[in-house]
Each structure stands twice: as C-alpha cells, then as structure tokens.
Amino acid sequence: MCITAHWIDKNWTLHKRVINFCPISCHRGEDLAKGIVKCLHEWGLHRIFTVTVDNASSNSLCVAELSKQLTKWGTNLLGGKHLHVRCMAHIINLVVQDGIKEANISIERIRQAVKYIRQSPARWKNFQECCVDENLAKKSLCLDVPTRWNSTYLMLNRAIEYEGAILTYADRDIGLAHHLEFGHICVCDGDSDIVDEEQPVGSLLCSDWDSVKRIAKFLELFFKLTLKVSGSLYITSNIHFLEICQVGFCLSKLISSDDIVLAQMATNMKKKFEKYWGDPTKMNKMLFIPCVLDPRHKFTTLSFALKKMFGDNGATIEKDVREYMKLLFNEYSSSASKDKCGKLSSEVEASSSSSMVDIGDFYEELSRHTSGSGAGNSKSELDKYLAEDTEVGTSDFNVLLWWKYNSARFPFLSEMARDILAIPISSVASECAFSTGGRVLDSFRSSLTSKLVEALVCLQDWLRSESQPISIEEDLDSLEQLEQDLAKVGKEPSIDDI
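Residues numbered from 1 in each chain as written. Predicted model: local features only at pLDDT ≥ 70, side-chain atom pairs only at ≥ 80, totals over all residues. Heavy atoms only, no water.

Attention now moves to the overall build of the protein. Secondary structure assignment for the protein yields 21 helices and 6 strands. Out of the 498 residues in the protein, the part that is buried amounts to 40%. By sequence separation, contacts in the protein at least 24 residues apart represent 72% of the contacts at least 6 residues apart. Taken as a whole, the protein presents about 28400 Å² of accessible surface, with 54% of it coming from carbon and sulfur. (Helix = DSSP H or I, 4+ residues; strand = E, 2+ residues; numbered from the N terminus. Buried < 20%, exposed > 50% of the residue type's maximum accessible area, 1.4 Å probe, protein only. Contact = heavy atoms within 4.5 Å. Areas by Shrake-Rupley, 256 points an atom, 1.4 Å probe, with all protein chains shown as cover.)

On to the packing of helix H4 (residues 104-118) against helix H9 (residues 206-229), then. In contact at an axis separation of 9 Å, H4 and H9 are set at 105° when each is read in the N-to-C sense. By the angle between their axes, H4 is roughly perpendicular relative to H9. Of the residues in H9, those in contact with Ser106, Ile107, Arg109 and Ile110 of H4 are Asp208, Trp209, Ser211, Val212 and Ile215. Of the residues belonging to the contact of H4 with H9, the class tally is 5 nonpolar, 2 polar and 2 charged. (Axes fitted to C-alpha atoms, helices over the stretch in contact; angles between N-to-C directions. Parallel < 35°, antiparallel > 145°, perpendicular 65-115°, else oblique. Nonpolar A, V, L, I, M, F, W, Y, C, P; charged D, E, K, R; others polar.)

So, on to the packing of aromatic side chains. Counted according to the given criterion, the structure contains 13 aromatic pairs. Aromatic pair Phe273 and Trp277: ring centres 5.3 Å apart, planes at 70°, arrangement edge-to-face. Taken as a pair, Phe273 and Trp277 lie in helix H11 (residues 260-277) at a separation of 4 residues, close to a single helical turn. Of the residues examined, Phe273 reaches a relative accessible area of 1% and is grouped as buried. (Phe/Tyr/Trp six-rings, centres within 6.5 Å; stacked < 30°, edge-to-face > 60°.)

Inspection of the secondary structure assignment puts Glu318 in helix H14 (residues 314-354). In this structure Glu318 comes out as buried when scored by relative accessible area, which is 15%. A distance of 2.8 Å separates polar atoms of two side chains, one belonging to Glu318 and the other to Ser303. Apart from the residues within four sequence positions on either side, Glu318 is in contact with Phe299, Ser303 and Leu306. (Polar contact = N/O pair within 3.5 Å; in protein donor to acceptor, adjacent residues only side chain to side chain.)

Attention shifts here to the packing of helix H3 (residues 88-100) against H9. Look at H3 against H9: their axes get within 10 Å of each other, and the N-to-C directions meet at 165°. In terms of orientation, H3 lies roughly antiparallel with respect to H9. Like other packed secondary-structure pairs, H3 and H9 cross with a definite hand, here left-handed. Touching Met88, Ala89, Ile92, Val96 and Ile100 of H3 are Leu219, Phe222, Leu225, Thr226 and Val229, all from H9. A per-class count over the contact of H3 with H9 returns 9 nonpolar, 1 polar and no charged. (Left-handed = near helix turned anticlockwise from the far one by under 90°.)

Turning to the nonpolar core, a few remarks are in order. With 93 residues, the main nonpolar core has Trp277, Leu293 and Trp403 as its most contacted residues. Per-element tally for this core: the top contributor is H9, with 10 residues. Residues within four places of Leu293 in sequence aside, it is in contact with Met325, Tyr385, Val399, Trp403, Leu413, Ala417, Ile420 and Leu421. Counting residues in hydrophobic clusters, the runner-up holds 17 residues, among them Ile19, Val53, Leu66 and Leu83. (Core = buried A, V, L, I, M, F, W, Y, C linked by side-chain atoms within 4.5 Å.)

Looking now at the pattern of salt bridges. Following the criterion strictly, the structure yields 23 salt bridges and no others. The closest approach of N and O atoms between Glu65 and Lys68, which form a salt bridge, is 3.4 Å. Taken together, the residues Glu65 and Lys68, both in helix H2 (residues 57-73) and 3 residues apart, mark about one turn of the helix. (Salt bridge = Lys/Arg side-chain N within 4 Å of Asp/Glu carboxyl O.)

Moving on, we come to H2. Compared with the 24 Å implied by 1.5 Å per residue over 17 residues, the 25 Å span of H2 between its first and last C-alpha is a close match. Taken together, the buried positions of H2 are Asn59, Cys62, Val63, Leu66, Ser67, Gln69 and Leu70. All buried residues of H2 lie within an arc of 165° about the axis, which places them on one face of the element. Exposed and oriented more than 90 degrees from the buried face of H2 are Ser57, Thr71 and Lys72. The secondary structure elements touched by the buried residues of H2 are helix H1 (29-43), strand S3 (51-53) and strand S4 (84-86). Just beyond H2, the residue with positive phi is Gly74, at close to 75°. (Expected span 1.5 Å × (residues − 1). Arc of directions from axis to C-beta.)

It is worth spelling out the side chain of Asn59 at this point. Within the secondary structure, Asn59 is located in helix H2. By relative accessible area, Asn59 is classed as buried at 12%. Every residue in contact with Asn59, bar those within four places of it in the chain, is listed here: Leu32, Val53 and Asp54.

For the protein, per-residue confidence averages 83 on the pLDDT scale, and residues scoring 70 or more make up 80% of the total. Confidence drops under pLDDT 50 across residues 190-196; counting only partners more than four residues distant or on other chains, this segment forms 12 contacts. Note on residues 492-498: pLDDT is under 50 here. Beyond four places in sequence and across chains, it has 7 contacts. (pLDDT = per-residue confidence, 0-100.)

This is the structure we're talking about:
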C-alpha cells in the first residue's frame, strides 16, 4: 500500500510526498483503513481533507472507516461528505475500455501483425529493411497490454506511423498473412466480459487501417486528458469538472455521428460515463468547488458547464454547491476566529497581569460602533470574492500565485482554497511508486526488508521533490563521523539509526 500526501504550503507551493510504502496482508476495507490510520499517527497527521482512491469496492469501505476515525479525532469537516474522491484516471480507463470492445476486430489485426513482426530477430531485421525502403526512421513497434487502453493507443499510433513499412513487410513475408488468417480472437458478450465465441482474426484490410486511424484520433482526446489529470507538480482539481464536461460533450456529439463504429463506441462509453458522472446527487461537491475557487471561472463558468451537462437541473445543482460552499467557509472562518480569540485573550490576560493601570475601553467601544454601523451591509469574504469580476484567462495564468497575492484580502477563504486546490484528482502519483518499488526490489535484491524498501522508495521521492539539489559530497564528513560513532558502540549502521 502506498500513501502520498499532497498539500500547499504557506508560500502557495504545491508539494507531493510518499509517506508510506508497505506490504499489506489483507485488502479488506477495514484493514486498509487501519493501515492508513497507523500511518497518520506516525506522522502526526490528524486533519485530512480528502482521500483519492481508485474504484475498488474495498476502497469505499476504507474511506467510510477512515471518516469514522476522523470524527473521533474531531477533524472530520462537515461529517466527511466530501472525503471520498474517485480517481478520474481510473474512471476514464473504464469508460474507454467499454468503447474499445466495439472496435476489437480491427485493433486485434494490428495487434497480431505487430506481435508477429516482433517475435523473432529475423523478422525484425526484415521489417527494418522495409523501413529503410519507405524512408522511415528505425523505431520499435509498440505491443500493447490489452487491459491498458493507453498502451493500445500508443500501439495504434506507432503502427499508423509505420503503415507503409508494415504493408511492404506483408508483401514480402507470406507468413504474416497466414498468421492473421488462421489466428483466432475471443469475442465477448456486449454486456459482460464472458467469452461468447471465437472467430478468425482475418486479413489486415485497408478498411482496418481507416478504422484504426479514426479510433486513434478519437482516443487521443482521452490520452491527453489522462496525462493532464495525472500530474502531481501542478494543481488539477480546478479543471476536474470542466474536463468531465468536455468528455461528456464529445461523447454526445459522436453518438449521432455517421461513423457507425465511432458512434457505437461513444454509445458504450456514454453508458459507463453516466454511471459515475450522470447523477449529480451522487457526485462529490469537490468536483465543482475547485472550479469556483479559480478566479478565471467562479460561478460564471460553473453555471454554464452545469447547464450544458445537466440541462434544467443545472440551476438546482448550482444552488446546492453554493450552500455547501457557504457551510464549508463558515467552518473555516469559525475555526480561525476561535484560534484568533484564544490568542488575543491570552495576550490580554498577560498584559493585564503586568499592568495595574486601567487605560479605558475607548477602542473596544469604537470597534463595537464600527461593526454595528456596518452590519447591515457587511459581506463575507466568500461573497466579496464571488462578487468580483473574473480574471482574464491567459496561458501563463498561475492560480496559486493569484491566491498568494490576494490571501491578505481573503484570509479565511484563502485557507479554504489551499486545502481544496491541493486535492489530487487521480491516484497516479501513488501508483507510480509501485514502479519504483519494482526497480528497488528486483531479483538481485530480493532479500531487502519491507522497512528498508519503504525507506528507499520514500527517500527517493523526497530527494527528487527537493527544490535545491542535494550534494552528497558536502555531507561526506558527517556521514563518516556517523559511521565512526556507530563503530564505537560496536554495531553496524542500520536504517533505524540513520
């Protein structure tokens, strides 16, 4: 299990750190929650705003159990209604997988052709000669993993680039035609993954190339979107709902397309899309609020997007978002006010104990008079922020920099914005750690303890995240001194000592 912490510091810089990388014996939701709580205890973290997880059923139970623990700690804002954030990249994967099934034959023919060419050095050498004849650079053909649609997109993209070379190779090697003719593909039932029948792959036709070119162009939208929402070095929560709207808009247009294959793909994908993003009452409010906290958008953009996606229900959803946002802002403002009042009261007690002279209550009365006279026209920071005009959206606009410059005007709202804008909308940052773990724990280093693997993975992530490069040479003296000290006490250095 990997846990990654995301936060925005006082200087409005986004940070990402791996804080846990450990094996788990059971994937039940209760056990996962216990592991997370243990990690939070070790780090002294008791205020968690959201938890971003994939769509595994155990994760829903895990977040529910974690919400109960946060309630015990007294840090569960609004009862944890917004705690559970679903990974957008995983949902996109499920949506696209349902669409690819419709174009399985053409994709499978390309896949089998690529697989045949890559199977032996002799075939690969012949293919490179075909590339030279077609004046194409010698690049490797990509073979996809069928369960990962993005690898399928990359395979199709590279195959389209080398279409001429593949056709030339097919003319020179009759074995490719035989491989396609006598190979078989499993055809699944449209509503399930159960194998319905097997049918021959068949020859690679011109219509297949036309089909995969249209499919690749269509998948390019989702490929770029996945890359965009998977970032961890820049905020992504402010574009979450807008990108969902973009996907829904494109699918709706393609459903009525004259292209039968793309229309059927879009229809299948729309069904899965509606499962996760079709019912606004089941959608986390944190899909909408980050867009409002982007000064380029606010409710002007959100109102338009809601109307486009949900029609007449958009106004009702907007009203719910406004109410939830006010409740959340009141939580932040009241919490900050309590902290401020506590600090002021302690200062007053200290000053009164050190002075025996009564200087009067003029300023206190003046404060009451000023607040009383302006009470009728007083607006909260949230109201003032929403009343201002939206900022002009430029390519180099920095949302965090805007909030940094304007945090003095909106002290309470900016605290809320720091937590909301830091929300990661995908769990890719945590999943990348497993790739690192695979390189750390390989067949040559299979005896490393779980604690040591965790230390190596976390240390690598933290070092790479440092803004200033770390020079090992500068620390050699301190490291040598540490080794000498450990040698004196008669033990070998361990990761626990370091």
